[in-house]
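# A structural walkthrough
Listed below are the residues making up each chain.
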Amino acid sequence: QSALIQPVSVSGSPGHSVTMSCTGTSSDVGAYNHVSWYQHHPGEAPKLIIYDVTKRPSGVSDRFSASKSGNTASLTISGLQSEDEADYFCNSYTKSSTYVFGTGTKVTV
Amino acid sequence: QVQLVESGGGLVGPGGSLRLSCAASGTRFGDYYMTWIRRAPGKGMEWIAYVGSSNSYTNYADSVEGRFTISRDDARNSVFLQMNNLRGEDSAVYYCAGADWSVTAALESWGQGTLVTVSS
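Only a predicted model underlies this, so the values are computations on that prediction, with no experimental measurement involved. (Residues numbered from 1 in each chain as written. Chains lettered and ligands numbered in written order. Predicted model: local features only at pLDDT ≥ 70, side-chain atom pairs only at ≥ 80, totals over all residues. Heavy atoms only, no water.)

### Remarks on the overall build of chain B
Rules: By the criteria applied, helices consist of DSSP H or I runs no shorter than four residues and strands consist of E runs no shorter than two, each listed in order from the N terminus. Radius of gyration means the value over C-alpha atoms here, while the globule rule gives 2.2 Å times the residue count to the 0.38 power. Note on exposure labels: buried denotes an accessible area under 20% of the residue type's maximum, exposed denotes more than 50%, and partly exposed covers the range between, all computed with a 1.4 Å probe on protein chains only.
Assigned secondary structure in chain B consists of 0 helices and 11 strands. Sequence-ordered secondary structure for chain B, helices as α and strands as β, is β-β-β-β-β-β-β-β-β-β-β. Taking 2.2 N^0.38 as the reference for a compact globule, 120 residues should give roughly 14 Å; the C-alpha atoms of chain B span a radius of gyration of 13 Å, in line with that estimate. Oriented by its inertia axes, the alpha-carbon framework of chain B measures out at about 40 × 25 × 25 Å. Out of the 120 residues in chain B, the part that is buried amounts to 49%.

Written out as structure tokens, the structure reads:
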């Protein structure tokens, strides 16, 4: 149950875009389309922003987009805003019927 | 979606026990797979355990297998985490979260968390 690998931090200017990766294995990210992304402002409840690799829940800004290729998923935030400054975690369901989170990426605007 | 509120956190000594509760409101709680996740200070998210509908199935992370037990009471719209033989590395904010597997495996509903501190 090794954590998925994410960059520790990414940063960008307001209005610009940032992309972060999430690298797993053929037993998790590469196994199913059960990859999701969460935004977490410490002290608050984490928020689902992407599910099933590319889908956005109702109410989530279309500035968030995601994709997957093989064992690596990616999240892009376009038109960066100050409120996007948070920790972002990817997650995947695995062949062992468990969930595994990424190591987390801190986004600085 | 369901709304979730955790309780039961606190300070406990190494080797001690705590029971966390998560109360849900909203419809169709029984259809949700319920999970516990934790985040230690300065660390990332760690999935701990989940329980299927009607206590049909449970699974645990290696780090807590044999020490923690997840259960649910659908009549009370609640899920629980019994934590035994606690260690310092179990100190974290514990979140409950729910997934409606008829839609997605993603954890669409989260609580605000309850803090567990293991220290002498």
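### Some thoughts on the interface of chain A and chain B
Heads up, the rule is: Contacts were defined at the residue level, with two residues in contact if any of their heavy atoms lie within 4.5 Å. Simply put, the buried area is the total loss of 1.4 Å probe accessible area from both parts when two parts are fitted together. A pair is scored as a salt bridge if a Lys or Arg side-chain nitrogen falls within 4 Å of a carboxyl oxygen belonging to Asp or Glu. N or O atoms within 3.5 Å of each other form a polar contact, as long as, within protein, one can give a hydrogen and the other can take it, and as long as residues adjacent in sequence are counted only when both atoms are side-chain atoms.
With 23 residues of chain A at the contact, the number on the chain B side is 25 residues. With both sides pooled, the region where chain A packs onto chain B buries about 1,900 Å², and carbon together with sulfur makes up 60% of that total. The partner of B:Arg39 in a salt bridge is A:Asp87, with the nearest N and O atoms 2.9 Å apart. The interface formed by chain A and chain B holds 12 residue pairs in polar contact (both at pLDDT 80 or more) in total. Listed by contribution, the elements that provide at least two residues to the side of chain A that touches chain B are β3 (35-40), β7 (86-93) and β8 (99-101) of chain A.

### Comments concerning the sheet that holds strand β5 (residues 64-69) of chain A
Residue and element names in this part refer to chain A. Here is the rule we go by: Pairing between two strands requires that DSSP report at least two bridges joining them. Geometry is summarised by axes, namely lines fitted to C-alpha atoms with helices restricted to the contacting stretch, and by angles between N-to-C directions that run from 0 to 180 degrees.
Taken in spatial order, the 3 strands of this open sheet run β2-β6-β5, and their pairing is antiparallel. Of all the strands in the sheet, the pair left with one neighbour each is β2 (18-23) and β5. Each strand axis lies, on average, 20° off the axis of its neighbour in the sheet, ignoring direction. Direction of pairing for β5 relative to strand β6 (residues 72-77): antiparallel, over a ladder of 6 bridges. Bridged to Ala66 within β6 is Leu75.

### Re the nonpolar core
How we decide: Definition of nonpolar core: a set of buried residues of the types Ala, Val, Leu, Ile, Met, Phe, Trp, Tyr and Cys, connected through side-chain atoms within 4.5 Å.
Counting residues in each nonpolar core, the largest one holds 27 residues, and the members touching the most others are B:Trp36, B:Phe68, B:Ile70, B:Val79, B:Leu81, B:Met83 and B:Tyr94. Top element by residues in this core is strand β3 (residues 18-25) of chain B. It accounts for 4 residues. Here B:Met83 is in contact with B:Gly16, B:Ser17, B:Leu18, B:Leu20, B:Arg67, B:Phe68, B:Tyr94 and B:Val116, once residues within four sequence places are set aside. Counting 23 residues, the second-largest nonpolar core is a separate cluster that includes A:Val60, A:Phe64, A:Ala66 and A:Tyr88.

### Structural notes on the sheet that holds β3(B)
Residues and elements named next belong to chain B. Pairing is antiparallel in the open sheet, where 4 strands are placed in the order β1-β3-β8-β7. Only two strands of the sheet have a single partner each, and these edge strands are β1 (3-7) and β7 (68-73). Taken pair by pair, the neighbouring strands of this sheet meet at an average axis angle of 15°, ignoring direction.

### What to know about the pattern of salt bridges
Residues and elements named next belong to chain A. Tallying each qualifying case throughout the model produces 10 salt bridges over all chains. A salt bridge links Asp84 to Arg63; its shortest N-O distance comes to 2.7 Å. Of the two residues, Asp84 is situated in the loop between β6 and β7 and Arg63 in the loop between β4 (47-50) and β5; the sequence distance between them amounts to 21 residues. Comparing Asp84 with Arg63 shows no difference in burial state: the two are buried.

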